[in-house]
Amino acid sequence: MKTTLTDEQIRRYRDDGFIVLDEFLDPDEIENWRRCTEEGIQERLKTTHLQNQGDPDSYYAQVFTQAIKLRDVHEGMRQIMDDPRLGKLAADLAGVDGIRIWHDQALIKPPFGNATAWHCDNPFWSFSSRDAISLWVALDDATLSNGCLYYLPGTHQTATFDPTPIGANQRDLFKIYPQWLEVEPVATPCKAGSAVLHNGLVAHGAGANMTHRPRRAMTCAYMPDGATFNGRRNVLSEPYHNSLKIGDVIDKEDEVPLIWLR
Ligand SMILES: O=C(O)CCC(=O)C(=O)O
Ligand SMILES: [Fe+2]
């Protein structure tokens, strides 16, 4: 795993809100991430309905198979996700001292799957931080044809924590941020094994999968250590969520494990 960064890469990440790291995983690591992702999804399916699979004909069900917290049900995925090198990478880019896992998530865009509408991530989460960061690892080549990611560079600097939609309409985000209609989108096609990291507030989406193969990605969203509860319901267990008051530090080790502390 190639987790060293140049100062220039860190600067670009902070300016643009995203960065692509080519050849992040070596071929053996790619195979291991693929296997743990596939097995983790099968494990997850035994216990939980996948978040977005209610009506299989809905738009969102066909954006991707979205399987969350595979780390909790698959030992190999736990080892992948708990790797302190990932925590240090996220901390170095975000400029924070500690990194906790908010959630891991497999995002498998199926053959002929729908586009992922423009959105910002952090407003969905139970903490508000301008330094939240996500890792997105391509398990297949991500191309303009099969649904690679797109970003609106710099939008993390002007985003607020207002909820943003992620439905069928690409344009909905721009009802909230009409000024972002002027920003030139950047596509990030990349080879399998590449990593894309993005700030939790940067606007991003992905194209439709116009091919007959899946576009697989394994991702992890990170919370800076010390972030506080904002009251929004998301991935915390119900008892823990209910025990928190707005402003409390979210630090329950078995729910938001600390994987890196400077
Ligand atoms: O994989 C996709 O299509 C979207 C990914 C995304 O929104 C994210 O990782 O935050
Ligand atoms: Fe996202």
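These numbers were taken from a predicted model, which means no experiment stands behind them.

Rules used throughout
Just so you know, the residues in each chain are numbered from 1, in the order the chain's sequence is written. All chains are assigned letters beginning with A, and all ligands numbers beginning with 1, in the order in which they are written. Reporting of local features is limited, given that this is a predicted model, to residues whose pLDDT is at least 70; pairs of side-chain atoms are given and counted only at 80 or more, and all residues count toward the totals for whole chains, interfaces and linings. We count a stretch as a helix when DSSP gives it H or I for four or more residues in a row; a strand needs E for two or more, and each element gets its number in order from the N terminus. Note on burial: count the other C-beta atoms lying within 10 Å of the residue's C-beta; 20 or more is buried, 12 or fewer is exposed, in between is partly exposed, and C-beta positions come from the backbone. C-beta atoms are first placed from the backbone for all residues, and any pair lying within 7 Å is then listed as a contact. We treat two strands as partners when DSSP finds at least two bridges between them. Nearness rests on one distance test: the residue's C-beta atom, set from the backbone, must lie within 6 Å of the molecule or strand. Under this grouping Gly is polar, as are all residues other than the nonpolar Ala, Val, Leu, Ile, Met, Phe, Trp, Tyr, Cys and Pro and the charged Asp, Glu, Lys and Arg. The nonpolar core criterion groups buried Ala, Val, Leu, Ile, Met, Phe, Trp, Tyr and Cys residues into a set whenever they are joined through C-beta atoms within 7 Å.

Colleague: Describe the overall build of the protein chain, with residues and values.
Modeller: Helix and strand counts for the protein chain come out as 6 helices and 11 strands. Evaluated residue by residue, the protein chain yields a buried proportion of 42% over its 262 residues. Summarising the internal contacts of the protein chain: among those between residues at least 6 apart in sequence, 83% fall at separations of at least 24.

Colleague: Go over the sheet that holds strand β7 (residues 186-187), please, and point to the residues and values.
Modeller: Here we have 4 strands laid out as an open sheet, ordered β4-β9-β6-β7, and antiparallel in their pairing. Taken across any chain shown, the strands that pair with only one partner, and hence form the sheet edges, are β4 (116-119) and β7. Pairing of strand β6 (residues 149-151) with strand β9 (residues 204-206), which is carried by 3 bridges, proceeds in the antiparallel orientation. Bridging across to β9, Y151 finds its partner in H204.

Colleague: Talk me through the site of ligand 1; I want residue IDs and the actual numbers.
Modeller: Around ligand 1, the structure places L107, K109, T116, D121, S134, W136, G147, H204, A206, A217 and T219. Secondary-structure elements contributing two or more residues to the shell around ligand 1 are β3 (98-109), β5 (133-138), β9 and β10 (215-224). Among the residues forming the shell around ligand 1, the class breakdown is 4 nonpolar, 5 polar and 2 charged.

Colleague: Lay out the nonpolar core in plain terms, naming residues and giving numbers.
Modeller: Membership of the largest hydrophobic core comes to 70 residues, with the highest contact counts inside it found for A90, V137, L197 and Y222. With near-sequence residues (within four places) excluded, V137 lies in contact with F24, L25, W33, A195, A217, M218 and T219.

Colleague: Just give me the short version of the pairing of β3, but keep the residues and values in it.
Modeller: With 11 of its 12 residues buried, β3 lies for the most part within the structure. By the bridge criterion, 4 bridges tie strand β2 (residues 65-68) to β3 in an arrangement that is antiparallel. Bridge pairing links T65 to I108 in β3. Inspection of the sheet shows β3 paired to strand β11 (residues 258-261) by 3 bridges, in the antiparallel sense. Residue pairing in the sheet places I99 in a bridge with W260 of β11. Looking at chain direction, β3 and β10 are connected through 10 bridges and run antiparallel. Looking at the pairing, R100 lines up with M223 of β10.

Colleague: Talk me through the pairing of strand β8 (residues 195-199); I want residue IDs and the actual numbers.
Modeller: In terms of burial, β8 is largely enclosed, as 5 of its 5 residues are buried. The side-chain alternation of β8 yields two buried faces, one formed by A195, L197 and N199 and the other by V196 and H198. Here strand β1 (residues 18-21) runs beside β8; their pairing, made up of 4 bridges, is antiparallel. Its bridge partner lying in β8, L21 is registered against A195. Here β5 runs beside β8; their pairing, made up of 5 bridges, is antiparallel.

Colleague: Break down helix α4 (residues 84-94) for me, with residues and values.
Modeller: An α-helical turn contains 3.6 residues, so any two residues separated by three or four positions project in the same direction. Those residues of α4 that fall on the buried side of the exposure criterion are L86, G87, L89, A90, A91, L93 and A94. Taken together, the buried residues of α4 touch α1 (7-16), β3, β5, β8, β10 and β11.

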